[in-house]
Amino acid sequence: MVQTPPSQFSEEQYKVENANAEVQALIESPTPDTEIDLEFLYTRDIEFRQETIYFLVVDRFYDGDAENSEGYNPELYDPNGKDWGKYWGGDLQGVIDKLDYLKDMGVTALWLTPLFEQVEELFVGNAAMHGYWTKDFKRLNPRYIGNGEDPSLNNTQETRNTTFDRLIAELHKRKMKLILDIVCNHSSPDTSGSKGELYDDGVKIADFNDDVNHWYHHYGEVQNWEDDWQVQNCELAGLATFNENNTEYRNYIKSAIKQWLDRGVDALRVDTVKHMPIWFWQEFTGDMYNHKPDVFIFGEWIYNYPSDDRSVEFANNSGMTLLDFGLCVAIRGALAQGAEGGFHLIQEIFDQDDRYNGATELITFVDNHDMPRFQSLNPDPAMLKVAIALIMTSRGIPCIYYGTEQYLHDDTNGGNDPYNRPMMENWDTDTEVYRYLRLLSGIRRLNPAVSMGSQWQKYLTPDVYCYVRRYRSSVCFVALNRGGEVTLPEVQTDLPDGEHTCAVTRNKFEVKDGKIYNLQLEERGVIVLSHVGERVKAQTIIRVQLNGVHTQPGETIVVVGDCPELGNWDISKAYPLEYINSNTWFAEIPFDESAGKLISYKYAMWREGRSPLRENTLNRRWVVAKEGTVKWRDTWASGRES
């Protein structure tokens, strides 16, 4: 029987609600002849916390194919690399040519500036070499692919043997991932009287100056940056701003990005997310996860900060994580600009991690294409080394801006855009930062304490910062020094007693009673001591994360359920989670006997000297995948005494 949708629902909303109800019915009461589609009912986890991201501006990295450099409009190309607003020739073949250089440095995920076809005109003397003035989201920029792959001659999505596809294949051959940079907020500015002309694989579908189907907002530029409505509806620097209320636009942008996911893209970096309402992103990310459950998504909310309620709400409820500008600014202040507070500024950011539901998945960095490079603020390579060691061993997923390992920077105009985007020149594999990245990236992959664990401050002054990363029996102790040589009388490491070797200096340190006594730190020194405990192994591993529960010392969160892995409802045999911060508990739970089966579970709290506290909610239900790694992301329901 077909019901009439309630008047307050749109037809689209009604269809979604109806589909969800049907799926829930399937989960709750599968009939014997019903084959449950596990690929639909569980979410595979693409575990980006173990990745090391490298972000490069394609046009400024390496020219691997000189024949494509001029593009449709040769006037936009400067073969001498002097005009900072024009193309200089970098392309996807150049990226392919340097993949081994990147892999050997420890890079596991490659974030490229947008690859879509751009407007071929100048705007205020600048070409779209950065990739953020898209003309056609379903076509590749011809300057980045081979001349014979011209999208005007071939249907972009039917031609699967382009340089782009070879890049994907070469990345995956090396077990590396591709992050596609996308822009959903805007298309192009006014270039020679044309603005916001948008194409669907070569077919014109929208025009800002003739917007009969209302694809764009027409409210002018933002005048008041404190006005949320203006920030979300008005133009950013004269760029034609999409009207997210238009379903035709939403269908176009989602279909375009899905086609690139189908080509093998592993993750999405989303530009200017604060300039569109959160409901749009919830719909967008939901569609992406339904299309490719293991896609990882992170966004750019410019200068977000943990005390900024709106950006925190976005990180927790949009379906994507964020680039961690708060930590970036603190690192630049403490290590590049010599702020008096020093490492206290950085710890103040970590102290607010409980505001995020997924602080361990924030993307950390020390500079990017929109700000002066770290070394334009402080040219001391030793201080850069300290900053890199910090983001490589702290919570979050580190992202390195291209050329950092070669000390690449141009200080013209203070190193501001566009001078923060020089051409990559050196490929030295013996620089100290290159070596640090290689070694510390390896530790991130091998030691789960670094990528997934909790972080504990052990010693803190403006100049010296010691902390421990901890998960199960794995531990990583880090000591950083921004000042002169110093000796610490003693510092707690949480490491097992015995001799430990620094991963980067190879110096040896003796741990006694969990402490190092008379710890000598060199000027601008870095010490990283890694101890890897037993890893979780099983046919299926479920990575469980619980938010929204507040515990006291002596209390432990556990998962109890109707399967042997979760104690068969015996709470004394429930599986304990690890404390990450006051908002997050986490664990990897091994499933063998119950792999591929439907289970029920809920969370509870072990309390010393008191009876357990169980969630006051119906049991959660899930089909455990037959194999692989899966994630649960849950929020604690109010508790009830046993």
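Being a predicted model, the structure only gives us computed values, none of them experimental. (Residues numbered from 1 in each chain as written. Predicted model: local features only at pLDDT ≥ 70, side-chain atom pairs only at ≥ 80, totals over all residues. Heavy atoms only, no water.)

A.B. asks: Help me understand the overall build of the chain, please; the structure alone is not making it clear to me.
C.D. replies: Each helix and strand counted, the chain has 15 helices and 30 strands in total. In terms of overall size, the chain behaves like a compact globule, its C-alpha atoms giving a radius of gyration of 26 Å where 642 residues would be expected to give roughly 26 Å. Summarising its shape, the C-alpha atoms of the chain cover approximately 75 × 75 × 45 Å along the three principal directions. The buried share of the chain, reckoned over its 642 residues, is 57%. For the chain, the proportion of contacts with a sequence separation of at least 24, taken over those separated by at least 6, is 71%. (Helix = DSSP H or I, 4+ residues; strand = E, 2+ residues; numbered from the N terminus. Rg over C-alpha atoms; globule rule 2.2 N^0.38 Å. Buried < 20%, exposed > 50% of the residue type's maximum accessible area, 1.4 Å probe, protein only. Contact = heavy atoms within 4.5 Å.)

A.B. asks: Which parts of the structure should I look at to understand the sheet that holds strand β20 (residues 526–531)?
C.D. replies: The strands making up a sheet are joined through hydrogen bonds of the backbone, oriented either antiparallel or parallel. With respect to topology, 4 strands assemble into an open sheet ordered β13-β14-β15-β20, the strand pairing being antiparallel. Only two strands of the sheet have a single partner each, and these edge strands are β13 (454–460) and β20. With strand direction ignored, the average angle separating the axes of adjacent strands in the sheet is 15°. (Pairing = 2+ DSSP bridges. Axes fitted to C-alpha atoms, helices over the stretch in contact; angles between N-to-C directions.)

A.B. asks: What am I meant to see in the state of the cysteines here?
C.D. replies: Note: disulfide means a covalent bond formed between the sulfur atoms of two cysteine side chains. This model, assessed by the stated rule, comprises 0 disulfides. Unpaired in terms of disulfides, cysteine 328 finds its nearest cysteine sulfur in cysteine 399, a separation of 10 Å. Sulfur of cysteine 502: no disulfide; nearest cysteine sulfur belongs to cysteine 476 and is 9.5 Å away. When its relative accessible area of 0% is taken as the criterion, cysteine 502 is described as buried. (Disulfide = S-S within 2.5 Å.)

A.B. asks: Would you mind showing me how to read the domain arrangement of the chain here?
C.D. replies: Where interface size is given, it is often the accessible area lost as the parts come together that is meant. Under the domain assignment used here, the chain contains domain 1 (49–194 + 245–445), domain 2 (452–531) and domain 3 (540–635). Taking only C-alpha atoms into account, the centre of domain 1 sits 32 Å from that of domain 2. Facing the 30 residues of domain 1 at the interface are 24 residues of domain 2. Roughly 2100 Å² of surface becomes buried between domain 1 and domain 2 when both sides are summed, with 64% attributable to carbon and sulfur atoms. For the interface between domain 1 and domain 2, the tally reads 1 salt bridge. (Domains from an automatic or database assignment. Buried area = accessible area lost by both parts, 1.4 Å probe. Salt bridge = Lys/Arg side-chain N within 4 Å of Asp/Glu carboxyl O.)

A.B. asks: Sorry, what's going on with the UniProt feature "domain: CBM20" (unreviewed entry) in the chain here?
C.D. replies: When the UniProt feature table is mapped to this numbering, "domain: CBM20" (unreviewed entry) covers residues 534–638. For residues 534–638, the helix share is 0%, the strand share is 54%, and the end-to-end C-alpha distance is 34 Å. (UniProt positions renumbered as here; feature names shortened; annotations may be inferred.)

A.B. asks: Which parts of the structure should I look at to understand the side chain of threonine 493?
C.D. replies: Mapped onto the elements, threonine 493 comes out in the loop between β16 (486–492) and β17 (498–501). Classification of threonine 493 as buried rests on a relative accessible area of 0%. Setting aside chain neighbours within four positions, we find threonine 493 in contact with Val468, Val475, Phe477, Val511, Gly514, Lys515 and Ile516.

A.B. asks: Teacher, can you tell me more about the layout of surface pockets here?
C.D. replies: Rolling a probe over the atoms, with the probe sized like a water molecule, indicates the empty space that remains. When its volume is computed, the second largest pocket comes out at roughly 660 Å³. In this structure, the second largest pocket is lined by 25 residues; those nearest its centre are His130, Trp133, Asp370, Asp417 and Arg421. Of the residues that constitute the lining of the second largest pocket, the class distribution is 12 nonpolar, 7 polar and 6 charged. (1 Å grid on protein atoms, 1.4 Å probe; cavity = no way out; pocket = protein on both sides within 12 Å on 5 of 7 lines; lining within 4 Å. Points joined across faces, edges and corners; volume = space filled by probe spheres on them. Nonpolar A, V, L, I, M, F, W, Y, C, P; charged D, E, K, R; others polar.)

A.B. asks: What is the right way to look at the pairing of strand β5 (residues 177–182) in this model?
C.D. replies: Burial within β5 is extensive, with 6 of its 6 residues counted as buried. Two elements, β5 and strand β8 (residues 267–270), share 4 bridges in a ladder whose sense is parallel. Bridged to leucine 180 within β8 is leucine 268.

A.B. asks: What's the story with the sheet that holds β8 in this structure? I'm lost.
C.D. replies: One open sheet holds the 8 strands; their spatial order is β10-β9-β8-β5-β2-β1-β12-β11, and the pairing between them is parallel. Edge positions in the sheet fall to β10 (321–322) and β11 (363–364), since each of these pairs with one other strand and no more. By the bridge criterion, 2 bridges tie strand β9 (residues 296–299) to β10 in an arrangement that is parallel. In the strand pairing of β10, phenylalanine 298 is matched with threonine 321.

A.B. asks: How should the packing of aromatic side chains be read in this particular structure?
C.D. replies: By convention here, two paired aromatic rings are described through the distance between centres and the angle between planes. Per the stated rule, a full pass over the model turns up 42 aromatic pairs. Between phenylalanine 48 and phenylalanine 296, the ring centres sit 4.5 Å apart and the planes meet at 5°, which makes this aromatic pair stacked. Here phenylalanine 48 is found in the loop between α2 (38–41) and β1 (53–56), whereas its partner phenylalanine 296 is found in strand β9, with 248 residues between them in sequence. Across the pair, exposure class does not vary: phenylalanine 48 and phenylalanine 296 are buried alike. Aromatic pair tyrosine 101 and tyrosine 434: ring centres 5.3 Å apart, planes at 45°, arrangement tilted. With tyrosine 101 in helix α4 (residues 99–104) and tyrosine 434 in helix α14 (residues 432–446), the pair connects residues that are 333 residues apart, well separated along the chain. Look at tyrosine 101 and you get buried, because its relative accessible area is 8%. For tyrosine 434, a relative accessible area of 1% gives the class buried. Its guanidinium or amino end placed over the ring of tryptophan 427, lysine 98 lies 4.3 Å from that ring's centre, counting from NZ or CZ. (Phe/Tyr/Trp six-rings, centres within 6.5 Å; stacked < 30°, edge-to-face > 60°. Lys NZ or Arg CZ within 6 Å of the ring centre and 35° of its normal.)

A.B. asks: I tried to follow the confidence of the model for the chain on my own but got confused; where do I start?
C.D. replies: Segments scoring low in pLDDT should not have their predicted coordinates read at a detailed level. Of all residues in the chain, 91% attain a pLDDT of 70 or more, and the chain-wide mean is 91. Note on residues 1–42: pLDDT is under 50 here. Beyond four places in sequence and across chains, it has 28 contacts. (pLDDT = per-residue confidence, 0-100.)

A.B. asks: Teacher, can you tell me more about helix α7 (residues 247–262) here?
C.D. replies: Working note: α-helix, 3.6 residues per turn, so residues spaced by three or four point in the same direction. Under the 1.5 Å per step criterion, the end-to-end length of α7 is 22 Å for 16 residues, consistent within 8% with the ideal 22 Å. Restricting attention to buried positions, one finds in α7 the residues Tyr249, Arg250, Tyr252, Ile253, Lys254, Ala256, Ile257, Trp260 and Leu261. Here α7 starts with a cap whose side-chain oxygen sits 2.8 Å from the backbone nitrogen of glutamate 248, and that cap is asparagine 246. Positive phi shows up at glycine 264, right after α7, with a value of about 120°. (Expected span 1.5 Å × (residues − 1). Polar contact = N/O pair within 3.5 Å; in protein donor to acceptor, adjacent residues only side chain to side chain.)

A.B. asks: Quick question: what am I supposed to make of the packing of helix α10 (residues 325–336) against helix α11 (residues 343–350) here?
C.D. replies: In a packed pair of helices, the relevant descriptors are the angle between the two axes and the axis-to-axis distance. Closest axis-to-axis distance for the α10/α11 pair is 8 Å, and the angle between their directions is 165°. Viewed along their axes, α10 and α11 adopt a mutual orientation that is roughly antiparallel. Every pair of crossing elements has a handedness; the one defined by α10 and α11 is left-handed. Across the interface between the two elements, Gly326, Leu327, Ala330, Ile331, Gly333, Ala334 and Leu335 from α10 touch Phe343, Leu345, Ile346, Ile349 and Phe350 from α11. Class assignment for the residues of the contact of α10 with α11 results in 10 nonpolar, 2 polar and no charged. (Parallel < 35°, antiparallel > 145°, perpendicular 65-115°, else oblique. Left-handed = near helix turned anticlockwise from the far one by under 90°.)

A.B. asks: Sorry if this is basic, but what is going on with the pattern of salt bridges here?
C.D. replies: Opposite charge on two side chains makes pairing possible when the charged atoms of those side chains draw close. Overall, the coordinates contain 37 salt bridges when judged by the stated rule. Of the charged contacts in the structure, one is a salt bridge between arginine 524 and aspartate 380, with a shortest N-O distance of 3.1 Å. Here aspartate 380 lies in the loop between α12 (374–377) and α13 (381–393) and arginine 524 lies in the loop between β19 (515–521) and β20, a separation of 144 residues in the sequence. Residue classification places arginine 524 among the buried positions, given a relative accessible area of 18%. Relative accessible area serves as the criterion here: at 24%, aspartate 380 is assigned to the partly exposed category. Ionic pairing is found between arginine 543 and glutamate 588, a salt bridge with its closest N-O pair at 3.2 Å. Separated by 45 residues along the polypeptide, arginine 543 in strand β21 (residues 540–547) and glutamate 588 in strand β25 (residues 584–591) bring together distant segments of the chain.

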